[in-house]
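One-letter residues, chain by chain:
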Amino acid sequence: MPRQFFVGGNFKMNPISRDQKQTIIGVLNSADLDTATEIVVAPPSLYLIPLRDTVRTELQVSAQNCYYKDSGAFTGEISPAQLVDAKIPYVILGHSERRSIFNETSELVAQKTKAALNATLKVILCVGETLQERELGQTAAVVEKQLQAVVNVLQESDWSGVVIAYEPVWAIGTGKVATSAQAQEAHADIRQFLSKAVSPAVSENTRIIYGGSVTAANCKELSTQSDVDGFLVGGASLKPEFVDIINAKRN
Ligand code: 13P
């Protein structure tokens, strides 16, 4: 079975007002969207439930983070069980902003991934190297180390609930998009790693999406690469051009 193209919008800590959120959702609700693509939007947690209730049925909603415990004294956190109860199907885990600003280790990301999958959430698992690591030729090694922590705690069957987002840190929010050749090479390395570390079937079936300065102008070319199965979009997901990115595969 071919891998279904996947486009996610990571709103991060935006928009700043409910009015702006309504404008973004209004654009998506009235747009002509490629229904062959799986579409997910990840607003700040405050907006998860209102957005779930107002967005058209073709769009799914994702949290941007969760903890690994079900409940308890963990001020500021949301649990996988709470997201499932609120009928939120996806969660983004391991985003580079969480790794670098909030000091999340690959082991913590792995623990959260396992807990989210156990709770029946689907996970958009982010990995990626810094500019320095790329310049030192360490891209594949860094990404494999981030993934190995997750491989260590998942069972083969868990991977059906995972979408991997390759997001080179140097491309996030910088306007410096990876070339389609750079993205393809990194995605192919990830696929090869999954084949060895998990199984050929998981390698073949797992979607690997690209994130980092994706725009309406660069998405078509990136989408032609055989191992690029979609996008995780930050800044451009807040703009009307997100519609063109969702429709990247449509001729
Ligand atoms: P930008 O699209 O703003 O570069 O952000 C990418 C990203 O971090 C998506 O998770």
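Scroll up a little and you will see the structure.
A brief structural summary. Source: prediction; values computed, not measured. (Residues numbered from 1 in each chain as written. Predicted model: local features only at pLDDT ≥ 70, side-chain atom pairs only at ≥ 80, totals over all residues. Heavy atoms only, no water.)

Comments concerning the pairing of strand S5 (residues 122-127)
Next up, step 1: With 5 of its 6 residues buried, S5 lies for the most part within the structure.
Next up, step 2: Here 4 bridges tie strand S4 (residues 90-93) to S5, and the two strands are oriented parallel to one another. In the sheet register, Val-91 faces S5, and the bridge partner there is Val-123.
Next up, step 3: Where S5 meets strand S6 (residues 162-166), 5 bridges bridge the pair, whose relative direction is parallel. Within S6, the position partnered with Val-127 by the bridge is Tyr-166. (Buried < 20%, exposed > 50% of the residue type's maximum accessible area, 1.4 Å probe, protein only. Helix = DSSP H or I, 4+ residues; strand = E, 2+ residues; numbered from the N terminus. Pairing = 2+ DSSP bridges.)

Focus: the site of the ligand
Next up, step 1: Among the 13 residues in the neighbourhood of the ligand, the closest are listed as Lys-12, His-95, Gly-173, Ser-213 and Gly-235.
Next up, step 2: Within the backbone of Ser-213, an N or O atom sits 2.7 Å from an oxygen atom of the ligand.
Next up, step 3: Residue Gly-234 places a main-chain N or O atom 2.9 Å away from an oxygen atom belonging to the ligand.
Next up, step 4: Here the ligand loses 95% of its free accessible area of 300 Å² to cover by the protein chains. (Near = heavy atom within 4 Å. Polar contact = N/O pair within 3.5 Å; in protein donor to acceptor, adjacent residues only side chain to side chain. Areas by Shrake-Rupley, 256 points an atom, 1.4 Å probe, with all protein chains shown as cover.)

Thoughts on the nonpolar core
Next up, step 1: The biggest cluster of nonpolar side chains holds 63 residues, and the ones touching the most others in it are Tyr-210 and Phe-231.
Next up, step 2: Ignoring anything within four residues of it in the chain, the contact list for Phe-231 reads Phe-5, Phe-6, Val-7, Gly-8, Ile-209, Tyr-210, Val-214, Cys-219, Leu-222, Ser-223, Ile-245 and Ala-248.
Next up, step 3: Counting residues in each nonpolar core, the second largest holds 11 residues, with Phe-6, Val-40, Tyr-90 and Ile-209 among its members. (Core = buried A, V, L, I, M, F, W, Y, C linked by side-chain atoms within 4.5 Å. Contact = heavy atoms within 4.5 Å.)

A word on the environment of Ala-110
Next up, step 1: Its location among the elements puts Ala-110 in helix H5 (residues 106-118).
Next up, step 2: Accessibility expressed as a relative area gives 1% for Ala-110, which makes it buried.
Next up, step 3: Considering only alpha carbons, one finds Ala-110 and Val-214, 104 residues apart in sequence, at a separation of 26 Å.
Next up, step 4: Leave out the neighbours within four places in its chain, and Ala-110 touches Ala-149, Val-150 and Val-153.

Topic: helix H7 (residues 139-151)
Next up, step 1: The terminal C-alpha atoms of H7, which comprises 13 residues, lie 18 Å apart, in line with the 18 Å expected from a rise of 1.5 Å per residue.
Next up, step 2: Along H7, the residues classified as buried are Thr-139, Val-142, Val-143, Gln-146, Leu-147, Ala-149, Val-150 and Val-151.
Next up, step 3: Contacts made by the buried residues of H7 are with helix H4 (96-101), H5, S5, helix H6 (131-135), S6 and helix H8 (180-197). (Expected span 1.5 Å × (residues − 1).)

Some points on empty space enclosed by the protein
Next up, step 1: Scanning the model with the defined rule gives 1 cavity of 30 Å³ or more in all.
Next up, step 2: By volume, the largest cavity amounts to about 60 Å³.
Next up, step 3: If you go around the largest cavity, the residues you meet are Thr-139, Ala-140, Val-143, Glu-144, Leu-147, Tyr-166, Ala-186, Asp-189, Ile-190 and Phe-193.
Next up, step 4: For the lining of the largest cavity, the secondary-structure elements that each account for two or more residues are H7 and H8.
Next up, step 5: Of the residues forming the lining of the largest cavity, the biggest block, 5 residues, is contributed by H7.
Next up, step 6: Residue composition of the lining of the largest cavity, grouped by class: 7 nonpolar, 1 polar and 2 charged. (1 Å grid on protein atoms, 1.4 Å probe; cavity = no way out; pocket = protein on both sides within 12 Å on 5 of 7 lines; lining within 4 Å. Points joined across faces, edges and corners; volume = space filled by probe spheres on them. Nonpolar A, V, L, I, M, F, W, Y, C, P; charged D, E, K, R; others polar.)

Some words on the sheet that holds S4
Next up, step 1: On the basis of which strands lie adjacent, the closed barrel formed by 8 strands has the order S1-S2-S3-S4-S5-S6-S7-S8 and parallel pairing. Shown here is a sheet whose adjacent strand axes are inclined to one another by a mean of 25°, direction ignored.
Next up, step 2: Together, S5, S6 and strand S7 (207-211) form the strand contacts of H8, whose direction differs from that of S7 by roughly 150°. (Axes fitted to C-alpha atoms, helices over the stretch in contact; angles between N-to-C directions.)

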